[in-house]
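Structure assessment
Here is what each chain is made of, one letter per residue.
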Amino acid sequence: MDQVQGVLNYLDEMSEKPVTYTYEPPPGTSPRTGRTVKHEVPIIDGRTAAHQPSLDVEGFMLTRHQSAVANFYDDGEVKRVYYPEMERLVREILGATRVLVFDHNVRNGSKEARARYGVREPVRFAHNDYTLKSGPLRVRELCDDAEAEHLLRHRYVFINVWRPVRGPVEQSPLAVCDARTMRQSDFIATDLVYRDRTGEVYSVRYNPQHRWYYFSRMRPDEVLLLKCYDSDPDRARYTAHSAFEDPATPPDAAPRESIEARTIAFFAPAAS
Ligand code: OGA
Ligand code: FE
């Protein structure tokens, strides 16, 4: 089994609720309250693991998928072509009755490219995208009341589908933590402040039990499915994840470019 040593940023112990801003915060306010602490951890190359991680046990899985999208920086094309592809992929893999693709983020490790395309940078901080509170709340925000009531009575699962836009990925690959090695108390609810609303995500506190994975040199015809919320408490519920730097990356490696599609898989029977 191959592994690399990576440095991950965790949330340090703190007493107040941490806050993260998604934009340039008011003067004098730091973009993230709460200190981060660095921990060097082994990160296993999932390609070389004896057993392939799954969504319901470890909380993530790698699979192949060829997209017809020509330009992931074209928002219109992503919504028109990529959203239906992801809707179908997640529906088939999870066996859901319905899948809603509701958002996406393109990320680029180069500052110049970020300015040119208006995209984000890799996230070098261990987190999970939804919490016990924000999972169901997001369903209510996205669906009308009667529909949300129906959907929330059955199982639903938030899945992020992460894919390199260009490959193979050398810089800043994504590390994900085996859900079985995390306790609920490692997840710290954190306000995520947008200009027009406040969401809630989990920051992650260090625990030596955490077992981290990544998939080396991911290609654009591969996707990593990350479970970010499961309403069923008896399966993997969340997957802490973070970008990290592999010390073996050549200095001239191209900046990472990726897209993550945000989806919800519903298991409610189709309304008759
Ligand atoms: C995600 C995520 C960070 C990154 O896909 O939810 O946090 O660096 N990605 O790609
Ligand atoms: Fe995330």
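Now for a description of the structure that goes with this document. Quantities reported herein were computed from a predicted structural model and do not represent experimental measurements.

1. Side note on the sheet that holds strand β12 (residues 222-230)
On the basis of which strands lie adjacent, the open sheet formed by 5 strands has the order β4-β12-β7-β14-β5 and antiparallel pairing. Single-partner strands in this sheet number two, and they are β4 (60-64) and β5 (98-108). Each strand of the sheet is rotated relative to its neighbour by a mean of 25°, with strand direction disregarded. The pairing of β4 with β12 spans 5 bridges and is antiparallel. Bridging from a neighbouring strand, L62 pairs with L224 of β12. Where helix α1 (residues 75-94) meets the sheet, its contacts fall on β4, β5, β7 (156-164), β12 and β14 (257-266), and the angle it forms with β5 comes to roughly 125°.

2. Details of the pattern of salt bridges
The full count for this structure, using the stated rule, is 33 salt bridges. In this structure, E149 and R140 form a salt bridge, with 2.6 Å as the shortest nitrogen-oxygen distance. On the accessibility criterion, R140 (41% relative accessible area) is partly exposed. Three or more residues are tied together by salt bridges with common partners; here these are D56, R155, K227, D230, D232 and R235.

3. Considering the packing of helix α3 (residues 134-142) against helix α4 (residues 145-152)
Remark: α3 packs on α4, axes separated minimally by 8 Å, with the N-to-C direction vectors making an angle of 145°. Pair α3 / α4 crosses with right-handed handedness. Residue-level inspection shows P136, V139 and R140 of α3 in contact with α4, the latter providing A148, E149 and L152. For the contact of α3 with α4, the class distribution of residues is 4 nonpolar, no polar and 2 charged.

4. Here we look at the nonpolar core
If you look at the biggest cluster of nonpolar residues, it comprises 43 residues, and the most contacted ones within it are I43, V139, Y156, F158, W212 and L224. Setting aside anything within four residues of it in sequence, one finds V139 in contact with A148, L152, Y156, F158, I264 and F266. One finds Y83, M86, A96 and I259 within the second-largest nonpolar core, a separate group that totals 26 residues.

5. Looking at the coordination of the iron ion (ligand 2)
Here the iron ion (ligand 2) is held by the protein donor atoms H127 (NE2), D129 (OD) and H241 (NE2), which lie 2.1 to 2.2 Å from it. Of note, the iron ion (ligand 2) draws all its donor residues from one chain, in the sequence arrangement H-x1-D-x111-H. Of the two residues, D129 sits in the loop between β6 (127-128) and α3 while H241 sits in strand β13 (residues 241-243), which places them 112 residues apart along the sequence. Taken individually, D129 and H241 each receive the classification buried, so the pair is uniform in this respect.

6. Remarks on α1
At Y82, α1 shows its maximal bend, which comes to roughly 35°, and the proline P84 appears one to four places after that position. Restricting attention to buried positions, one finds in α1 the residues E77, V78, Y82, Y83, E85, M86, L89, V90 and L94. Its buried side turned inward, α1 meets β5, β7, β12 and β14. One side-chain oxygen of the residue at the start of α1 lies 3.0 Å from the amide nitrogen of G76, identifying that residue as D74. Backbone geometry just downstream of α1 places G95 in the positive-phi region, at approximately 70°.

7. Details of the pairing of strand β9 (residues 187-193)
Burial analysis of β9 places 5 of its 7 residues in the buried class, which makes it a mostly covered element. One ladder, built from 3 bridges, connects strand β2 (residues 19-21) with β9; its direction is parallel. Bridge assignment links V19 to a residue of β9, and that residue is D191. Bridge analysis of β9 against strand β10 (residues 198-204) gives 7 bridges, and the strand direction is antiparallel. Looking across to β10, one finds that I188 is bridged to S203. Where β9 hands over to β10, the hairpin turn is made up of 4 residues, counted between the paired strands.

8. Remarks on the site of ligand 1
Near ligand 1 the following residues occur: R107, P122, V123, H127, D129, N160, W162, L174, H241, A243, R256 and E260. The separation between an oxygen atom of ligand 1 and a polar side-chain atom of N160 is 2.8 Å. The side chain of H241 places a nitrogen or oxygen atom 3.0 Å from an oxygen atom of ligand 1. The protein chains hide 99% of the 290 Å² of surface that ligand 1 would expose on its own. Contributing elements (two or more residues each) for the shell around ligand 1: β7 and β13.

9. Observations regarding the environment of N9
Within the element layout of this structure, N9 appears in strand β1 (residues 3-11). Apart from the residues lying within four places of it in its own chain, the contact partners of N9 are T36, V37, K38, R124, F125 and A126.

About the cut-offs
- Residues numbered from 1 in each chain as written.
- Chains lettered and ligands numbered in written order.
- Predicted model: local features only at pLDDT ≥ 70, side-chain atom pairs only at ≥ 80, totals over all residues.
- Heavy atoms only, no water.
- Pairing = 2+ DSSP bridges.
- Helix = DSSP H or I, 4+ residues; strand = E, 2+ residues; numbered from the N terminus.
- Axes fitted to C-alpha atoms, helices over the stretch in contact; angles between N-to-C directions.
- Contact = heavy atoms within 4.5 Å.
- Salt bridge = Lys/Arg side-chain N within 4 Å of Asp/Glu carboxyl O.
- Buried < 20%, exposed > 50% of the residue type's maximum accessible area, 1.4 Å probe, protein only.
- Left-handed = near helix turned anticlockwise from the far one by under 90°.
- Nonpolar A, V, L, I, M, F, W, Y, C, P; charged D, E, K, R; others polar.
- Core = buried A, V, L, I, M, F, W, Y, C linked by side-chain atoms within 4.5 Å.
- Donors = N, O, S within 2.8 Å, 3.2 Å for Na, K, Ca; no water.
- Bend = angle between axes of the 7 residues up to and from the residue.
- Polar contact = N/O pair within 3.5 Å; in protein donor to acceptor, adjacent residues only side chain to side chain.
- Near = heavy atom within 4 Å.
- Areas by Shrake-Rupley, 256 points an atom, 1.4 Å probe, with all protein chains shown as cover.

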